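So you can see what is in the structure, the chains are spelled out below.
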Amino acid sequence: MIQVTGLEKRFGNGRGIFDLNFQVKQGEVYGYLGPNGAGKSTTIRHLMGFLKPSRGHARIGGLDCWRDAAEVQKKVGYLPGEIAFLDGINGAEFLDLLAGMRGLKSKARREELIERFQFDSKTPIRKMSKGMKQKVGLVAAFMHDPAVLILDEPTSGLDPLMQKLFVELLLEEKEKGTTILISSHMFQEIERTADRVGIIKDGVLIAEENVHDLQARQKRIIEVTLASAAEADRLAQSGLAVADRHGNRVGIAVQGEYQHLFQTLGGYAITGVDVRTLDLEELFMHYYDRNDHMGGKEGVR
Amino acid sequence: MNLALYRSMMKTHARTLFGYVSGIVLYQWLVIWIFPTIADNPNINELINSMPEGMRKAFGIEGGLNELTDYLANEFYGLLFVLILMIYSVMTAIQLVARLIDRGSMSYLLATSVSRSQVAVTQALVLISGLLLIALSSTVGGIAGVEWFVPERHTFETAAFVQINLMGMLLFLVIGGYSFLFSCLFNDEKRALAAAAGLTVLFYAADLVGKLSSDLDWLQNVTVFTLYRPAEIAQGTVEILPTAIGLAIAAVVLFVGSVTVFQKRDLPL
């Protein structure tokens, strides 16, 4: 459904995206991950026809995203990374405008979404909180039942309850066969919804992985609080990979071998357990390192 | 053009537009209202005749102030009308495109499957509608004001007055046109505003200096304001048709150019 082939955009300052290739199949959820400034939004701007590729193509449903932008956008629901609505109107008027521009007649889906996200659409835009604006943006992206959703960092600004709601909504869309591309700089944000993940850094797609493989390979720190310092000492000697230690708390790095971890922990007096997730840099250290060793384009830092 | 977008833009724009229209009409009425007092006072015309010719020319009052159409052409269309419309054309043109690009709201509009050229044409039409409405109001308002405030014994050249308004509108369609072009060209609202306002002020200054100094009168050949001569139209000494056609063509070229530029450029949305 989404096809990016040899896509390249060079900006004056040497940044940009370089020879990107990936595909998202119909009904698939593709997580597009990378640190800030890696080129996620630049890729999405090509998909939306805002930027003209220096080389290569971005296609959606077989149509060229630059040449046939208007036609492509009929099928696409888009949530921009930056929230910027028009001045001087309220949420409902803004949604009316977008629906009018699309020639959308039915308000049913839109009302249903507003009901679910629970916000007062009559609020003037300048009085809205960031989370509320994000909800308006999500309604705008979903209200015409698009075949393709392109969401640029969708959960920023949403509280945990709304994030959960958003995940449910995405899973429903997935059920319906909607093709979805979500960009994020946090793996946690997409791991529940995405089927596959593409990782971009410095404008280069450095890896594409199945989410389950990535989860299995992901290193987590299990932080165990023990009843006494003596117990903590004993655990530290147990042969598990100890990442750090503060008094009675021992952090153990785990990568897949949970069985062994819990068997070992069974023999200790434990008062608390916590899981620390690693940020993107740590999570993808593996890829970044490999890339460096390969002496590839990004080898020199 | 896209009707939903046009309607929404006109609606949010209505309040500002109403401000400009009422400002122009009220000020014009004030100018008309004091006309009988000035025209019937011989001292004022003597004072004007005692001023150096260059100065009278710069202020556009070489015709004296005892003829109503001349008086309006000089006192209103020569200065205040121009200043107000300069601000209106430049600001509106920048707000309609560059601001939306700069803030990112343009991405929502373009994501709705309305093509770029349609969005640009619609935004241009909002600006053109505003200028049309202002010109129409000042024409109708002026004629009504003369009817109400000026005793019958003063003659009023309605045809020349309409021509002044028409030329004013065409001039500002050109100024609005290049401002709109800058608006479509730049990513940064401030830069677009600086370019449009800068060029307009430069044109205006060139016209003013050109009129004041005979050594620098060549400056009048490089400014668009030369093509708008309300005092001369009032005196019936110019043929406006060729200039009007020229301005109209320039405006069309500028707006078409703007739409083309907007269609083809990269947008940092």
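Residues numbered from 1 in each chain as written. Chains lettered and ligands numbered in written order. Predicted model: local features only at pLDDT ≥ 70, side-chain atom pairs only at ≥ 80, totals over all residues. Heavy atoms only, no water.

### Examining the overall build of chain A
Phase 1: Broken down by element type, chain A carries twelve helices and 14 strands.
Phase 2: Oriented by its inertia axes, the alpha-carbon framework of chain A measures out at about 70 × 50 × 35 Å.
Phase 3: Residues counted as buried form 51% of the 301 residues belonging to chain A.
Phase 4: Pairs at least 24 apart in sequence give 67% of the contacts found in chain A among residues at least 6 apart. (Helix = DSSP H or I, 4+ residues; strand = E, 2+ residues; numbered from the N terminus. Buried < 20%, exposed > 50% of the residue type's maximum accessible area, 1.4 Å probe, protein only. Contact = heavy atoms within 4.5 Å.)

### Describing the confidence of the model for chain A
Phase 1: Across chain A, the average pLDDT comes to 85, with 92% of residues at or above 70.
Phase 2: Contacts from residues 292-301 of chain A, a stretch scored under 50 in pLDDT, to residues over four places away or in other chains number eleven contacts. (pLDDT = per-residue confidence, 0-100.)

### As for the interface of chain A and chain B
Phase 1: Opposite the 28 residues of chain A that make contact, chain B presents 30 residues.
Phase 2: Of the roughly 2,300 Å² buried where chain A meets chain B, counting both sides, 60% is carbon and sulfur surface.
Phase 3: The interface formed by chain A and chain B includes three salt bridges.
Phase 4: When the shortest N-O distance is used, the salt bridge between Arg103 of chain B and Asp87 of chain A registers 2.7 Å. (Buried area = accessible area lost by both parts, 1.4 Å probe. Salt bridge = Lys/Arg side-chain N within 4 Å of Asp/Glu carboxyl O.)

### Some details on the nonpolar core
Phase 1: Counting residues in each nonpolar core, the largest one holds 155 residues, and the members touching the most others are Ile150 and Leu181 of chain A together with Met106, Leu109 and Phe262 of chain B.
Phase 2: The element best represented in this core is helix H9 (residues 158-185) of chain B, accounting for 14 residues.
Phase 3: Apart from the residues lying within four places of it in its own chain, the contact partners of Ile150 of chain A are Ile44, Leu47, Met48, Ile60, Val76, Gly77, Tyr78, Leu79 and Leu181 of chain A.
Phase 4: In terms of nonpolar packing, the next biggest core, distinct from the first, is built from twelve residues, Ile222, Leu235, Leu265 and Tyr268 of chain A among them. (Core = buried A, V, L, I, M, F, W, Y, C linked by side-chain atoms within 4.5 Å.)

### Brief notes about the domain arrangement of chain A
Phase 1: Looking at chain A, the domain boundaries give domain 1 (2-209) and domain 2 (219-277).
Phase 2: One C-alpha centre belongs to domain 1 of chain A, the other to domain 2 of chain A, and the line joining them spans 40 Å. (Domains from an automatic or database assignment.)

### Description of the packing of aromatic side chains
Phase 1: Summed over all chains, the structure comprises 24 aromatic pairs over all chains.
Phase 2: Aromatic side chains Phe22 of chain A and Tyr30 of chain A sit 5.0 Å apart centroid to centroid with 5 degrees between the ring planes, which places their arrangement in the stacked category.
Phase 3: Through a chain of ring-to-ring contacts, three or more aromatic side chains come together here, namely Tyr27, Phe76, Tyr77, Phe81, Phe156, Phe161 and Phe172 of chain B. (Phe/Tyr/Trp six-rings, centres within 6.5 Å; stacked < 30°, edge-to-face > 60°.)

### Points about the sheet that holds strand S2 (residues 16-24) of chain A
Residues and elements named next belong to chain A.
Phase 1: Judged by pairing direction, the sheet is antiparallel, and its four strands sit side by side in the order S2-S1-S4-S5 without closing on themselves. Of all the strands in the sheet, just S2 and strand S5 (63-64) have a single pairing partner and so form its edges.
Phase 2: In this sheet, S5 lies alongside strand S4 (residues 55-60) in antiparallel orientation, the contact comprising two bridges. Each residue of the ladder has a partner; that of Ile60, found in S5, is Leu63. (Pairing = 2+ DSSP bridges.)

### Focus: the environment of Leu202 of chain B
Residue and element names in this part refer to chain B.
Phase 1: Note on placement: Leu202 falls in helix H10 (residues 189-212).
Phase 2: Looking at Leu202, the relative accessible area reads 58%, which means it is exposed.
Phase 3: C-alpha separation for the pair Leu202 and Thr223, spaced 21 residues apart in sequence, amounts to 8.2 Å.

### What about helix H4 (residues 68-77) of chain B?
Residue and element names in this part refer to chain B.
Phase 1: In terms of burial, H4 is a largely internal element, nine of the ten residues being buried.
Phase 2: Those residues of H4 that sit buried are Leu68, Thr69, Asp70, Tyr71, Leu72, Ala73, Asn74, Phe76 and Tyr77.
Phase 3: Here the buried face of H4 lies against helix H1 (3-39), helix H5 (80-96), helix H8 (116-149), H9 and helix H11 (230-235).

### Section: the packing of helix H4 (residues 108-117) of chain A against helix H6 (residues 160-176) of chain A
All names here are of chain A.
Phase 1: It is at 10 Å that the axes of H4 and H6 come closest, and there the two elements cross at 145 degrees. The residues of H6 that touch H4, namely those facing Arg109, Leu113, Arg116 and Phe117, are Met162, Leu165, Glu168, Leu169, Glu172, Glu173 and Lys176.
Phase 2: When its residues are assigned to classes, the contact of H4 with H6 shows five nonpolar, no polar and six charged. (Axes fitted to C-alpha atoms, helices over the stretch in contact; angles between N-to-C directions. Nonpolar A, V, L, I, M, F, W, Y, C, P; charged D, E, K, R; others polar.)

### Some remarks on the UniProt feature "transmembrane region" (unreviewed entry) in chain B
Residue and element names in this part refer to chain B.
Phase 1: According to UniProt, the positions carrying the feature "transmembrane region" (unreviewed entry) are residues 17-35, 76-98, 119-144, 164-185, 192-210 and 240-262.
Phase 2: End-to-end, the C-alpha atoms of residues 192-210 are 27 Å apart, and along that stretch the chain is 100% helix and 0% strand.
Phase 3: Helix makes up 100% of residues 240-262 and strand 0%. Its end C-alpha atoms lie 33 Å apart. (UniProt positions renumbered as here; feature names shortened; annotations may be inferred.)

### Description of the UniProt feature "domain: ABC transporter" (unreviewed entry) in chain A
Phase 1: Under the feature "domain: ABC transporter" (unreviewed entry), the UniProt entry names residues 2-227 of chain A.
Phase 2: Along residues 2-227 of chain A the backbone is 34% helical and 29% strand, and the end-to-end C-alpha distance reaches 54 Å.

### So, a nonpolar patch on the surface
Residue and element names in this part refer to chain B.
Phase 1: A surface patch of nonpolar side chains, about 500 Å² in accessible area, is lined by Leu208, Val209, Leu212, Leu216, Trp218 and Val222.
Phase 2: Tracing the sequence through the fold places Leu212 in helix H10.
Phase 3: Look at Leu212 and you get partly exposed, because its relative accessible area is 47%. (Patch = residues over 30% accessible without salt bridge, like charges linked within 9 Å, V, L, I, M, F, W, Y side chains within 5 Å. Areas by Shrake-Rupley, 256 points an atom, 1.4 Å probe, with all protein chains shown as cover.)

### Here we look at unusual backbone geometry
Residue and element names in this part refer to chain A.
Phase 1: Its identity is not glycine, yet Asp145 carries a phi of approximately 50 degrees, on the positive side.
Phase 2: Of note, Asp145 is situated in the loop between helix H5 (130-142) and strand S7 (148-152).
Phase 3: For Asp145, a relative accessible area of 43% translates into the label partly exposed.
Phase 4: For Asp202, which is not glycine, the phi dihedral falls at a positive 50 degrees.
Phase 5: Summarising the element assignment, Asp202 is placed in the loop between strand S9 (196-201) and strand S10 (204-210).
Phase 6: Judged by its relative accessible area of 38%, Asp202 is partly exposed.

### Side note on the packing of H9 of chain B against helix H12 (residues 240-264) of chain B
Each pair of packed helices can be summarised by the angle the axes make with each other and by the distance between the axes.
Residues and elements named next belong to chain B.
Phase 1: Packing of H9 against H12 leaves a shortest axis separation of 8 Å and a crossing angle of 20 degrees. Between H9 and H12, the interaxial angle falls into the category roughly parallel. With respect to the hand of their crossing, H9 and H12 are arranged in left-handed fashion. (Parallel < 35°, antiparallel > 145°, perpendicular 65-115°, else oblique. Left-handed = near helix turned anticlockwise from the far one by under 90°.)

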